[in-house]
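Survey of secondary and tertiary structure
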Amino acid sequence: MKIIIVGAGRVGASLAESLVSEHNDITLIDPDPTVLADLQDRYDLRTVQGNGILPRVLKDAGAEDADMLVAVTRSDETNLVACRIAASMFNVPRRIARVRSPELAEQAELHGDAGFNVDHVICPEQSVTEHLERLIEFPEALQVLQFAAGRVTLVSVKAFAGGRMVSCPIEDFKKHLPDIDLRVVALFRENQPVAVDGYTLIQPGDEVFCMAATRHIRTVMAELRRLYKPVSKVMIAGGGNIGLRLARALERDYQVKLIESDRRRCDELANQLDSRTLVLHGDATDEDLLADEYVQEVDTFVALTSDDENNIMSSLLAKRMGARRVVSLIQRKVYAELVQGGQIDVAIAPSNATLSELLRHIRRGDVVAVYRLRRGIAEAIEIVVHGDRKSSKVVGRTVEEIGMPKGTVLGGLVRGDEVIMAHHDSRIEPEDHVIIFVENRKLVPSVEKLFQVEVGFI
């Protein structure tokens, strides 16, 4: 595909890196020549210096024959206007805008033909907030991904010594849980993938990816590690857009304390949040403040300021003082990789959450969901199957007959309201939602090709 990306910030650069590696024709627009030069040195892409809302700049970037424009600058207005001009002047077929303001994102009439001609609006803050909510709901998990409108869940957990399935072969799951159908779709040991079959032993410290119907997922997790008591107390450091969204999402069901260093912002937060949320003015790296607010009794401490170092330090301090679990938002992916799994239980790079949402609209085929896993190396994809036995390579065939590419696993199927964990003799039918784990995203084009419908199918 020929794709124009407007904005070379963290999200734009991450998207460009991902799409270039999949052999797309990428042109990146940004006003900063230094940033563009650095990206052009690192990746096989074109760059155009300038403002992405100017017709001349879009024309120089090849908008006249582009397949898609993705506007991901930090300015909502720039992103919306770029989509409008791409549609009205260049007839770019697909247009995606990053919109951070809830008021702009939720006004559907602004996005249609009478508005800014945006096909899809993505909101990074909402993506990260939803990810954080799931981590708080499942405090034992490293990642929680949901598919098929929430009917199927894929969790990543670290196996602990003493778990009933730890040091046992995977086939023993059926003995322990005879009434639950599940799949172990991947296993990583010391950051290296391990081939999975019924005889594979799960060892302490392994990162295990398990898939099951959502109603069974807690039972499955209990086989690998001790379950925590449900979360009741949450402390949030940082009252920016994500901190505010998360507090709003949690305040009905949890005891929430929110720490913000800017007094004026504290007043705004207090006015926008329920009285049950306690808004505190102070520094989340202040040991006395954390002690006064009983951080040792907190079930989950979440650091969400705009400063990576502050998030890391406040999380480490909260953990040392007794917080049961700490989650840190870290913009620089290299920092997130360094601290993940140490004293900081989960490190989240927000660009990955945004990238997952973008890829859903960019992948070929009828893709419902895409999630980036393991620092962006792996992916989990939900695809709707179309066609018939003549026009499709998968319809009417069993998983064994399909022959999934090595390094990919077809983990589950959703057929109507029925959730089916895929095994070698599971047969694929039209309109099934199939959930696929891809060990390395370089394999994604092979998966897309496998599920493509032959030309001429109606």
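As the structure is a prediction and not an experimental result, all values here were calculated from the model.

Thresholds, definitions, all that
Residues numbered from 1 in each chain as written. Predicted model: local features only at pLDDT ≥ 70, side-chain atom pairs only at ≥ 80, totals over all residues. Heavy atoms only, no water. Buried < 20%, exposed > 50% of the residue type's maximum accessible area, 1.4 Å probe, protein only. Helix = DSSP H or I, 4+ residues; strand = E, 2+ residues; numbered from the N terminus. Pairing = 2+ DSSP bridges. Salt bridge = Lys/Arg side-chain N within 4 Å of Asp/Glu carboxyl O.

Glancing now at the pairing of strand S19 (residues 378-384). Most of S19 is tucked away: 7 of the 7 residues are buried. In S19, alternate side chains face the same way, and those of Ala378, Ala380, Glu382 and Val384 on one face and Glu379, Ile381 and Ile383 on the other are all buried. Alignment of strand S18 (residues 367-373) against S19, held across 6 bridges, turns out to be antiparallel. Paired with Leu373 across the strands is Ala378, a residue of S19. Alignment of S19 against strand S22 (residues 433-438), held across 6 bridges, turns out to be antiparallel. Residue pairing across strands places Val384 opposite His433, the latter belonging to S22.

Below, the discussion takes up the pattern of salt bridges. In the structure shown here, the tally under the stated rule is 16 salt bridges. Here Arg95 makes a salt bridge to Asp119, at a shortest N to O gap of 3.4 Å. Here Arg95, found in strand S5 (residues 94-98), pairs with Asp119, found in the loop between helix H5 (102-105) and strand S6 (120-122); they are 24 residues apart in sequence, far enough to count as distant. The partly exposed category is assigned to Asp119, whose relative accessible area is 34%. In this structure, the salt-bridge partner of Asp299 is Arg324, at a minimum N-O distance of 3.4 Å. With Asp299 in the loop between helix H11 (287-292) and strand S15 (300-303) and Arg324 in the loop between helix H12 (308-320) and strand S16 (325-329), this pair connects stretches of sequence that are 25 residues apart. On the accessibility criterion, Asp299 (4% relative accessible area) is buried.

This part takes up unusual backbone geometry. Trans peptide bonds make up the majority, and among non-glycine residues the majority have a negative phi. Unusually for a residue other than glycine, Asn91 sits at a positive phi of about 55°. With respect to the helices and strands, the residue Asn91 is situated in the loop between helix H4 (76-90) and S5. Residue class for Asn91 comes out exposed when judged on its relative accessible area of 63%. Residues other than glycine seldom take positive phi values, yet Tyr294 does so here, at roughly 55°. Inspection of the secondary structure puts Tyr294 in the loop between H11 and S15.

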